[in-house]
Amino acid sequence: MSEVRAKKILTDLVKKSGCTYSVDNILTMFRNKDAKYSNKRLGALLTQLFKTIPNGAKYVDEFVSSNPKDSYAALVLLLNNFLQDCKNLQAEKSTVAAQVQPPVIDSVSKRAAIFESPPLSSTRIVSDQQITPENVQEIKEKIVKATSGSAVNRSSGVIPAALVPQTFEYMAKKGTIVSWNFNYEELYPMQNKNVAAIPLSSQEPIVMKELLDCLVGVKGSLIVPKKSIRTVGLFPVEFEVSDQIEESLRDIVREILPLASHYSQVQDFIAASSSLESGQVLQALRAALQAIIKDYYLSITQLEDLFLKQALTFHKLLYFLRPVFHTMEVLAETVTAIRQTNCRGGTVLTLLYDKIIATTGDEKSRKVLIHLIEMAAVPYMEMLQLWIFNGVIHDTRKEFLVEHHAMDLNENDMMDYWEKQYIIRTDKVPCFLNEYADIILRTGKYLNVIRECGSSVDYQQNVCVALKYTHSDHQTYIKAIEDAYNYASSSLLNLIMDKYNLMGRLCSVKRYFLLQQGDFIDQFMDICEEDLNKDVDELRPMRLENLLEVTLNMSSARYDEYNDDLKTMLLPYGIVTQISKIVKKEDVFLDTLGDTSQLKGIECFTFNYNAQWPVSIVLNRWTISKYQMIFRQLFYLKYVERILCRVWIANNRTKQFAPQTAKLYRSAFTLRQKMLIAIQSFESYMMIEVIEPNWHHFYQNIKQIKNVDDVLKYHQDFLDQCIENCMLTDQDLLKSIINLCNICIQFCTFLADATSMEPTETFSERVERFHSDFTNQLMSLLRKITDIATQNPSQKFINLIHRINFNSYYSDNFDS
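Residues numbered from 1 in each chain as written. Predicted model: local features only at pLDDT ≥ 70, side-chain atom pairs only at ≥ 80, totals over all residues. Heavy atoms only, no water.

(A) Quick peek at the confidence of the model for the chain. Per-residue confidence for the chain gives a mean pLDDT of 79, with 76% of residues at or over 70. When the elements of the chain are averaged for pLDDT, helix H6 (residues 107–115) gives the smallest value, 31, and helix H12 (residues 346–358) the largest, 95. Per-residue pLDDT stays below 50 along residues 146–177; that stretch engages in 76 contacts with residues further than four places along the chain or on separate chains. (pLDDT = per-residue confidence, 0-100. Helix = DSSP H or I, 4+ residues; strand = E, 2+ residues; numbered from the N terminus. Contact = heavy atoms within 4.5 Å.)

Pasting the structure below:
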């Protein structure tokens, strides 16, 4: 403990010299962390300290001439040299004046006499001559004389100053040790001691001094840490106790040594977590442990003072160390668990919290662990405060519960921004914040959206709350989190609903994708039908875009202020494939190289919508793809309805035919009417039975929302309900509906080609075949719908069955 001795020596020098600086100020100056003090100035300070010391200039010159880079280490070595010189000088004086008067030793020299001893060679009883039987008696008499007499009072346990235990000065003068943890044996090799021949009363002080040193990580010669192969810091340190020590003393030493082992584990952790890579939480925990170790040092120093006053016995030592044992054991177990799991950030706080819960009933352990978690949580709560008040993450070591992925905000797809730019690291969420992790994430996200919109985030200016984790009072920081969330959510909601008119945007999307704007859809199909009947590979997207612009300007849609965001789009696959991708949660816009040789324009056409930020949070690509699913189904049904109606117009031409010919066409037109009723039933079911009620429910929910996530939730619920009740999530049902529409289209094509032909028997057979195919496909579809309605009762599905099976027209076949 050269640094401890150096501080004591420095205290005496300050008192003698009358220096105006305190000891702590002097030590701070020599640590010279900011390089404020030159070696010349520090040398001048030493000159003042040593002005009352004979030959004091020698020590000043030694410091200045060495020009040390580490001035603090140089000061410690200088003071230890001064201590050694004082000890040697006092030893010489004692030798001369021993016969005249008792030695008078000043405080510095007294400490030197206690802590330092002459080399082992000066204490040898016999010179280099060989020990013979003749001089054994002489040796025995010298030992008895040295260890007996009035100076030793065995009953009181008082030890004469001449027999106070000695330590040995380090043989090499090298750099100071960062932490005392048996890590200096190569720098400062110790001399061995031989105490086997010493009586028990003389062994006690020597062993006690080594034991006190061992408790602060100083290796001795009688108590030595084993150099076994072990993972540093993960397993307790084991010690070898010399067999020279009397057996009863060895037992007491072994009883106390676990404290040194616990201390070593804590010191290992402190040293291992000193790197910045360990993160802010471990750095804060390390600082708390260092403060506890400082108090531990103070406790051991107090015991050393008792030892110096010859008032400390092993039993007293054991009694005084009992309270310290438990604290160090808890610290050792805690730091070992942290190192074994290699945890960081919020995971460390969870580990500490779990240990507190596990020690219920053990108030001493709880008190220590609560102190650790409250200190370690300080940087984490600062990161939390910065996030929920400013939407900023300062987390260089990935310790915080929110992880940021930088993304390009110029993309049209804002789903990735909302869902992926900020995500929760579940392993870094402290268990005491598990319940609030989601609102913590959303709070910062809301603030970031507000900032991206160019609005200010001034919550912290209105409410200045320093978040602090207190184990006994969770409500303080929980209330701060909830208040910050309420502010952020309401601010963003007002911004997106009022300034950016979200509901106006949604109504605009409804007009086009859900066919609410009837005149626009009719005019658009009139002008585009010829193009949509072509193979998709023959279509020119730019022409469709121009036709859309013409239609928007001709119809009542021209009064929609957001119609510029509506675009045309040709997907490389049919509606069944798109729905399959959406059900599997695949990106419906990535597959642009599919085989389109067998697809018509009507099968690939859809609308797209380019919503601007921040409305694109709600109307993102994923949401638009769901709108497209509903649109494509409705648009295809509307297309089939149009061509069936066109066949009805051709029905008037049959009046000029002969009665027999008209009878043949009459059966065809009867089938056409059945087809039209079925298609219109599907179309009206989707729009009247499904979309409008769900939209009304969604609109009512929007009036009660409290944050943007509620908007997202209700909007997604609306779309999911529409898709499910429109039978778009079941591929078998959807394929049946598409096949039914295709039969209708083929039938209309047949009639269009056959109206100019003379009727023959082949015509009747073809009509009958279409009738059979249509009826079978429709009956199969109705049975599937019935099965679904049975498994998952839904009034809407039953309504569809009643619409198509009007007046039980298909009841006989259907029941079969």
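(B) Spatial organisation of the packing of aromatic side chains. Counted according to the given criterion, the structure contains 34 aromatic pairs. Relative to Phe 635, the ring of Phe 631 lies with its centre 5.0 Å away and its plane at 25°, an arrangement referred to as stacked. Here Phe 631 and its partner Phe 635 are both found in helix H23 (residues 621–650), 4 residues apart, which amounts to about one turn of the helix. An identical accessibility class is assigned to Phe 631 and Phe 635; each is buried. These aromatic residues form a ring-pair network of at least three members: Tyr 512, Phe 513, Phe 520, Phe 524, Phe 605, Phe 607, Tyr 627, Phe 631 and Phe 635. The ring of Trp 695 has Lys 510 sitting right over it, with the charged end atom 5.3 Å from the ring centre. (Phe/Tyr/Trp six-rings, centres within 6.5 Å; stacked < 30°, edge-to-face > 60°. Buried < 20%, exposed > 50% of the residue type's maximum accessible area, 1.4 Å probe, protein only. Lys NZ or Arg CZ within 6 Å of the ring centre and 35° of its normal.)

(C) Inspection of the nonpolar core at higher detail. Core analysis: the largest hydrophobic core is formed by 210 residues, its most contacted members being Leu 285, Leu 317, Leu 433, Phe 513, Phe 607 and Ile 630. No other element matches helix H24 (residues 659–702), which puts 16 residues into this core. When residues no more than four places from it in sequence are discounted, the contact partners of Phe 607 are Tyr 512, Phe 513, Phe 520, Ile 521, Phe 524, Leu 548, Leu 566, Lys 567, Thr 568, Gln 628 and Phe 631. Listed in part, the 30 residues of the second largest apolar core include Ile 9, Leu 10, Ile 53 and Ala 74. (Core = buried A, V, L, I, M, F, W, Y, C linked by side-chain atoms within 4.5 Å.)

(D) Quick look at the side chain of Ser 508. Turning to its location among the elements, Ser 508 is positioned in helix H18 (residues 502–513). A distance of 2.7 Å separates the side chain of Ser 508 from the side chain of Asp 560, its partner in a polar contact. With near-sequence residues (within four places) excluded, Ser 508 lies in contact with Asp 560, Tyr 562 and Tyr 609. (Polar contact = N/O pair within 3.5 Å; in protein donor to acceptor, adjacent residues only side chain to side chain.)

(E) Region of the structure containing a nonpolar patch on the surface. Taken together, the side chains of Ile 527, Val 550 and Met 554 make up a nonpolar region of the molecular surface, amounting to roughly 240 Å² of accessible area. Inspection of the secondary structure puts Val 550 in helix H20 (residues 541–554). (Patch = residues over 30% accessible without salt bridge, like charges linked within 9 Å, V, L, I, M, F, W, Y side chains within 5 Å. Areas by Shrake-Rupley, 256 points an atom, 1.4 Å probe, with all protein chains shown as cover. Salt bridge = Lys/Arg side-chain N within 4 Å of Asp/Glu carboxyl O.)

(F) Looking closely at helix H3 (residues 39–49). When we look at burial in H3, the residues that qualify are Asn 39, Leu 42, Gly 43, Leu 45, Leu 46 and Leu 49. Angularly, the buried residues of H3 cover 155° about the axis, an arc narrow enough to put them on a single face. (Arc of directions from axis to C-beta.)

(G) Quick look at the environment of Leu 778. Tracing the sequence through the fold places Leu 778 in helix H27 (residues 761–791). For Leu 778, a relative accessible area of 0% corresponds to the buried category. Each C-alpha atom, one on Leu 778 and one on Asn 739, is 9.5 Å from the other, the two residues being 39 residues apart in sequence.

(H) Structural view of the pattern of salt bridges. Counted under the stated rule, the structure contains 22 salt bridges. The partner of Arg 322 in a salt bridge is Glu 255, and the shortest N-O contact between them spans 2.8 Å. One end of the pair, Arg 322, is in helix H11 (residues 314–341); the other, Glu 255, is in helix H9 (residues 247–272), and 67 residues separate them in sequence. A salt bridge links Asp 531 to Arg 543; the nearest nitrogen and oxygen atoms lie 2.7 Å apart. Of this pair, Asp 531 sits in helix H19 (residues 518–532) while Arg 543 sits in helix H20; the two residues are 12 residues apart in sequence, bridging distant segments of the chain. Looking at Asp 531, the relative accessible area reads 6%, which means it is buried.

(I) Representation of the packing of H12 against helix H13 (residues 363–390). At a minimum axis distance of 9 Å, the contact between H12 and H13 shows a crossing angle of 160°. With respect to H13, the element H12 is oriented roughly antiparallel. Crossing angle aside, the handedness with which H12 passes H13 is left-handed. Mapping the contact onto sequence places Gly 346, Leu 349, Leu 352, Tyr 353, Lys 355 and Ile 356 in H12 and Arg 366, Leu 369, Ile 370, Leu 372, Ile 373, Ala 376, Ala 377 and Tyr 380 in H13. In the contact of H12 with H13, the residues fall into 11 nonpolar, 1 polar and 2 charged. (Axes fitted to C-alpha atoms, helices over the stretch in contact; angles between N-to-C directions. Parallel < 35°, antiparallel > 145°, perpendicular 65-115°, else oblique. Left-handed = near helix turned anticlockwise from the far one by under 90°. Nonpolar A, V, L, I, M, F, W, Y, C, P; charged D, E, K, R; others polar.)

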